[in-house]
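Residues per chain, in single letters:
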Amino acid sequence: MKTVYVLNGPNLNLLGTREPAVYGVHTLADVEQMCAAACARHGLALQFRQSNHEGVLVDWIHEAGQCHARGELAGVVLNAGAYTHTSVALLDAIKGTGITLIELHISNVFARESFRHHSWISAAARAVMCGFGVQGYALAIDGLAQM
Ligand code: DQA
């Protein structure tokens, strides 16, 4: 059984109470349940994690890379939060591991402030999804399952 890593960056632990007009009312625990259901539909295992720390996210991408090297990775769904717009370290980690990664944003970042329009991650992502709300996570897993 292959594994999907769903990695969440800073402030996503606040989902449900954080700017609900932008991110909706579902909690991160709700999102984990949606991802678990999507993985179960496709016969995939799930690693679902959140950290507010950039280096921890880098370590988890390396871990997913080791899973990839063993032939056991279906792919990674990464919502890097604000690190999307700042982190060359995450870009280098993705490039260095050769993993299949979907960059995900709950909100439509292109309809928001201009500093959110640039992503360091997109250049290394297989696909980029934004604006579907938290349902985007399940859609991203559906996409990985078909790759
Ligand atoms: C986000 C968009 C980012 O710009 C923001 O910093 C986040 C969440 C999203 O899911 O829409 O923390 O990645």
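Residues numbered from 1 in each chain as written. Predicted model: local features only at pLDDT ≥ 70, side-chain atom pairs only at ≥ 80, totals over all residues. Heavy atoms only, no water.

Novice: Would you mind going over the sheet that holds strand β4 (residues 101-105) with me for this structure?
Specialist: Hydrogen bonds between backbone atoms are what pair the strands of a sheet, whose relative direction is either parallel or antiparallel. Strands sit in the order β2-β1-β3-β4-β5 across an open sheet of 5 strands; the sheet is parallel. Edge positions in the sheet fall to β2 (45-50) and β5 (127-130), since each has one partner strand and no second. Taking each pair of neighbouring strands and ignoring which way they run, the sheet shows an average axis angle of 15 degrees. With 6 bridges joining them, strand β1 (residues 3-8) and β2 adopt parallel strand pairing. (Pairing = 2+ DSSP bridges. Helix = DSSP H or I, 4+ residues; strand = E, 2+ residues; numbered from the N terminus. Axes fitted to C-alpha atoms, helices over the stretch in contact; angles between N-to-C directions.)

Novice: Just to check I follow, could you spell out the site of the ligand for this structure?
Specialist: Close contacts around the ligand come from Arg-18, Tyr-23, Asn-79, Gly-81, Ala-82, His-85, His-105, Ile-106, Ser-107, Val-109, Arg-112 and Arg-116, and that covers them all. Residue His-85 places a side-chain N or O atom 2.7 Å away from an oxygen atom belonging to the ligand. Separating an oxygen atom of the ligand from a side-chain N or O atom of Ser-107 is a distance of 2.6 Å. (Near = heavy atom within 4 Å. Polar contact = N/O pair within 3.5 Å; in protein donor to acceptor, adjacent residues only side chain to side chain.)

Novice: Mind showing me how you'd approach the packing of helix α3 (residues 54-69) against helix α4 (residues 88-97) here?
Specialist: Working note: a packed helix pair is described by the angle between its axes plus the distance between those axes. Across the interface, α3 lies against α4 with an axial gap of 9 Å and an inter-helix angle of 10 degrees. The pairing of α3 with α4 is recorded here as roughly parallel in orientation. Side by side, α3 and α4 meet where Glu-54, Leu-57, Val-58, Ile-61, His-62, Gly-65 and His-68 of the first sit next to Ala-89, Leu-90, Ala-93, Ile-94 and Thr-97 of the second. When grouped by side-chain class, the residues that make up the contact of α3 with α4 number 7 nonpolar, 4 polar and 1 charged. (Parallel < 35°, antiparallel > 145°, perpendicular 65-115°, else oblique. Contact = heavy atoms within 4.5 Å. Nonpolar A, V, L, I, M, F, W, Y, C, P; charged D, E, K, R; others polar.)

Novice: Would you mind showing me how to read the environment of Thr-97 here?
Specialist: With respect to the helices and strands, Thr-97 occurs in helix α4. With relative accessibility at 19%, the residue Thr-97 sits in the buried group. A C-alpha to C-alpha distance of 7.9 Å links Thr-97 and Gln-66, two positions 31 residues apart in sequence. The contact partners of Thr-97, leaving out residues within four places of it in the chain, are Ile-61, His-62, Gly-65 and His-68. Of note is the side chain of Thr-97, whose polar atom sits 3.1 Å from the backbone oxygen of Ala-93. (Buried < 20%, exposed > 50% of the residue type's maximum accessible area, 1.4 Å probe, protein only.)

Novice: Is there a simple way to think about the nonpolar core in this case?
Specialist: Side chains of nonpolar character tend, in soluble globular proteins, to be buried together. Of all hydrophobic cores here, the largest spans 24 residues; its most connected members are Val-4, Val-6, Leu-15, Val-31, Val-77, Tyr-137 and Ile-141. Of all elements in the fold, only β1, α2 (28-42), β3 (73-79), β4 and α5 (135-146) reach the threshold of two or more residues within this core. For Tyr-137, the contacting residues outside a window of four places in its chain are Val-6, Asn-8, Val-31, Cys-35, Val-77, Asn-79, Leu-104 and Ile-106. (Core = buried A, V, L, I, M, F, W, Y, C linked by side-chain atoms within 4.5 Å.)

Novice: I'm lost on unusual backbone geometry in this one. Help?
Specialist: Keep in mind that most residues, glycine aside, have a negative phi and that most peptide bonds are trans. For Asn-11, which is not glycine, the phi dihedral falls at a positive 75 degrees. What makes Asn-11 partly exposed here is its relative accessible area of 35%. Unlike most non-glycine residues, Glu-19 shows phi in positive territory, near 35 degrees. Within the secondary structure, Glu-19 sits in the loop between β1 and α1 (20-23).

Novice: Just checking my understanding: could you explain the environment of Cys-130 for this structure?
Specialist: When you line up the elements, Cys-130 lands in strand β5. Separated by 24 residues in sequence, Cys-130 and Ile-106 place their C-alpha atoms 5.7 Å apart. Leave out the neighbours within four places in its chain, and Cys-130 touches His-105, Ser-107, Asn-108, Val-109 and Phe-110.

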